[in-house]
Amino acid sequence: MTGHPAPLFRHDSRIRRDRNSPKPYEHVVSVSGGKDSTAVYLLAIERGMPFTAVFADTGHEHPATYEFVERLAERTGGPAVIKVKADFTKAIERKRAFILKNWERHGVPAERVERAASLLNPSGNPFLDLCMVKGRFPSAKGRFCTDELKLVPCWIGIERPILADGRTLVKWLGVRAEESFARSILMPWQRLGDPVPHCLPKAAHTEAADAGWRAYVYRPIHHWLRSHVFAMHARHGLDPNPLYGRGAERVGCWPCIMVKKDELRLIAGIDPAAIDRLEEWEHIVGDVSKRGLSTFFAAVDDPLFKPGAEVTLDAFGIRSFVEWSKTSYGGRQYDLVAMADMYASCQEIGVCE
């Protein structure tokens, strides 16, 4: 089946009821540059209602993705995509002050303290700045990237102002049941009891509760198949993100820390500059980490990792994993992360694709 299921182009009855609500509804479409969020953007155009489109710039995307998002309105006639971006300037200042005050008395050599403090300046790249603040990269058990780089800037720049203005927020997300078990059990329409990103301070959650802010998540393509998504692109005469044509399965963070073996091999092959960048970031983040080392992929996720093994960039850095991605039978034969936390934001919210 290559077309769309019959119900796809009818106005959802819940949306019609929204229009009769005493509180005006504001529709916000999350755009990532990927196929699913683009399909939702196109669907919102077809539904003929005003909406806001927002893209959270992580600083860790392929140039083709940035170009695709920037030209989306021009190519479709839809609304311009608003770009939001996390700013970790204050967090970096706090970490620098902490390092200068505490590290040396905790046994860190003075030269390492001096180097870390000199490196702790905002780079303007949200992904790198966040990792410098954390002193590590995201991982399967610590996927703070989606919350900090996507949900928070969208909340601060777009969502909170809508709610504070007395309107009801409806977040349109490109989540499909076909993608994973975690996504298959999500509801197409869901009231958010607390619309504030979990990582923000308690005061933000209290403010939302006290003000009685109303927010919903709408997943209009939850029942679509991959073929339906690309059929929507074709319906509007829109070529998908060109990375799909080069073999990519996902075009969010480039690469995502949850990348699969064949995806990592592809990225290393078609975009070696991305691997060079990560290698540089491993050195920077390691230098501002108290441990003195940080690898893009957690060493314990390496199939050949053994407890007690010495972790070095040579053994467990990005270059090592790229070499592993080239192995065939007899090599390391499973994804970097075999088990994903099904309730992490990137699975539950689905703003990366």
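Heads up: the structure comes first, above all this text.
All values derive from a computational prediction rather than experimental measurement.

**Side note on unusual backbone geometry**
Residue Trp-254 is joined to Pro-255 through a cis peptide bond whose omega torsion reads 0 degrees. Turning to its location among the elements, Pro-255 is positioned in the loop between α12 (242-245) and α13 (261-270).

**Brief notes about the sheet that holds strand β5 (residues 189-192)**
A sheet is described by the order of its strands in space; here six strands give the open sequence β3-β2-β1-β4-β6-β5, paired in mixed fashion. Sheet topology places β3 (81-85) and β5 at the edges, where each strand pairs with a single neighbour. Adjacent strand axes in the sheet meet at a mean angle of 30 degrees, parallel and antiparallel pairs treated alike. Relative to strand β2 (residues 52-57), strand β1 (residues 25-30) is paired through three bridges, and the arrangement is parallel. Bridged to Ser-30 within β2 is Val-54.

**What about the pattern of salt bridges?**
Taken as a whole and assessed by the stated rule, the structure comprises 18 salt bridges. Taking the shortest distance from any N to any O, the salt bridge between Arg-75 and Glu-67 comes out at 3.1 Å. The exposure class assigned to Glu-67 is partly exposed, which follows from its relative accessible area of 30%. Between Glu-159 and Lys-171 there is a salt bridge whose closest N-O contact spans 3.5 Å. Of this pair, Glu-159 sits in helix α8 (residues 144-164) while Lys-171 is found in strand β4 (residues 168-172), placing the two residues 12 residues apart along the sequence. Neither Glu-159 nor Lys-171 differs from the other in exposure class; each is buried. When salt bridges with common partners are traced through the structure, they connect Lys-35, Asp-36, Arg-176, Glu-178 and Glu-179 into a single cluster.

**Re the packing of aromatic side chains**
Inspection of every chain in the model, using the stated rule, returns 16 aromatic pairs. With a centroid separation of 5.6 Å and 85 degrees between ring planes, the pair formed by Tyr-41 and Phe-51 is classed as edge-to-face. Pair noted here: Tyr-41 is in helix α2 (residues 35-47) and Phe-51 is in the loop between α2 and β2, with a separation of 10 residues, a long-range link. Both residues of the pair, Tyr-41 and Phe-51, count as buried. For the pair Phe-137 and Phe-296, a centre-to-centre distance of 5.5 Å together with 70 degrees between the ring planes defines the contact as edge-to-face. Placement of the pair is Phe-137 in the loop between α7 (126-134) and α8 and Phe-296 in the loop between α14 (272-287) and α15 (313-316), with a sequence separation of 159 residues. Phe-296 matches Phe-137 in its accessibility class, with the two residues each being buried. Aromatic rings pair up to connect Phe-127, Phe-137, Trp-281, Phe-296, Phe-297, Phe-321 and Trp-324 into one cluster. Just above the ring of Phe-144 sits the side chain of Lys-134; from NZ or CZ to the centre is 5.0 Å. Directly above the aromatic system of Tyr-216 lies the positively charged group of Arg-191, at a separation of 5.7 Å from the ring centroid.

**So, the pairing of β2**
Of all six residues in β2, six are buried; the element is thus mostly enclosed. Here β2 shows no split at all, with Thr-52, Val-54 and Ala-56 on one side and Ala-53, Phe-55 and Asp-57 on the other all buried. At this point the chain moves from β1, through α2, to the parallel β2, and the crossover so formed is right-handed. Note that β2 and β3 share five bridges and pair parallel. Bridge pairing in β3 places Val-54 opposite Ile-82.

**A closer look at the side chain of Glu-61**
Relative to the assigned elements, Glu-61 resides in the loop between β2 and α3 (63-70). Despite its burial, Glu-61 pairs with no opposite charge; the closest candidate is Lys-150, at 4.4 Å N-O. In this structure the side chain of Glu-61 is engaged in a polar contact, spanning 2.7 Å, whose partner is the side chain of Thr-58. Those residues in contact with Glu-61, other than ones at most four positions away along the chain, are Phe-55, Tyr-66, Lys-150, Val-251, Gly-252, Cys-253 and Trp-254.

**Observations concerning the pairing of strand β6 (residues 215-218)**
Of the two faces of β6, the one holding Ala-215 and Val-217 and the one holding Tyr-216 and Tyr-218 are both buried throughout. Two elements, β4 and β6, share four bridges in a ladder whose sense is parallel. Note that in β6 the partner of Trp-172 across the bridge is Tyr-218. As paired strands, β5 and β6 are joined by four bridges and run antiparallel to one another. The residue bridging Trp-189 from the neighbouring strand is Tyr-218, located in β6.

**Considering helix α10 (residues 202-211)**
What α10 keeps buried is the set Ala-204, His-205 and Ala-208. Buried residues along α10 cover an arc of 100 degrees about the axis, so they all sit on one side. Across α10 from its buried face, at more than 90 degrees, point the exposed residues Lys-202, Ala-203 and Asp-210. Of the residues one or two after α10, Gly-212 is the one with positive phi, at around 65 degrees.

What counts, and at which threshold
- Residues numbered from 1 in each chain as written.
- Predicted model: local features only at pLDDT ≥ 70, side-chain atom pairs only at ≥ 80, totals over all residues.
- Heavy atoms only, no water.
- Helix = DSSP H or I, 4+ residues; strand = E, 2+ residues; numbered from the N terminus.
- Pairing = 2+ DSSP bridges.
- Axes fitted to C-alpha atoms, helices over the stretch in contact; angles between N-to-C directions.
- Salt bridge = Lys/Arg side-chain N within 4 Å of Asp/Glu carboxyl O.
- Buried < 20%, exposed > 50% of the residue type's maximum accessible area, 1.4 Å probe, protein only.
- Phe/Tyr/Trp six-rings, centres within 6.5 Å; stacked < 30°, edge-to-face > 60°.
- Lys NZ or Arg CZ within 6 Å of the ring centre and 35° of its normal.
- Right-handed = clockwise from strand over helix to strand, strands pointing away.
- Lys, Arg positive; Asp, Glu negative; His and termini not counted.
- Polar contact = N/O pair within 3.5 Å; in protein donor to acceptor, adjacent residues only side chain to side chain.
- Contact = heavy atoms within 4.5 Å.
- Arc of directions from axis to C-beta.

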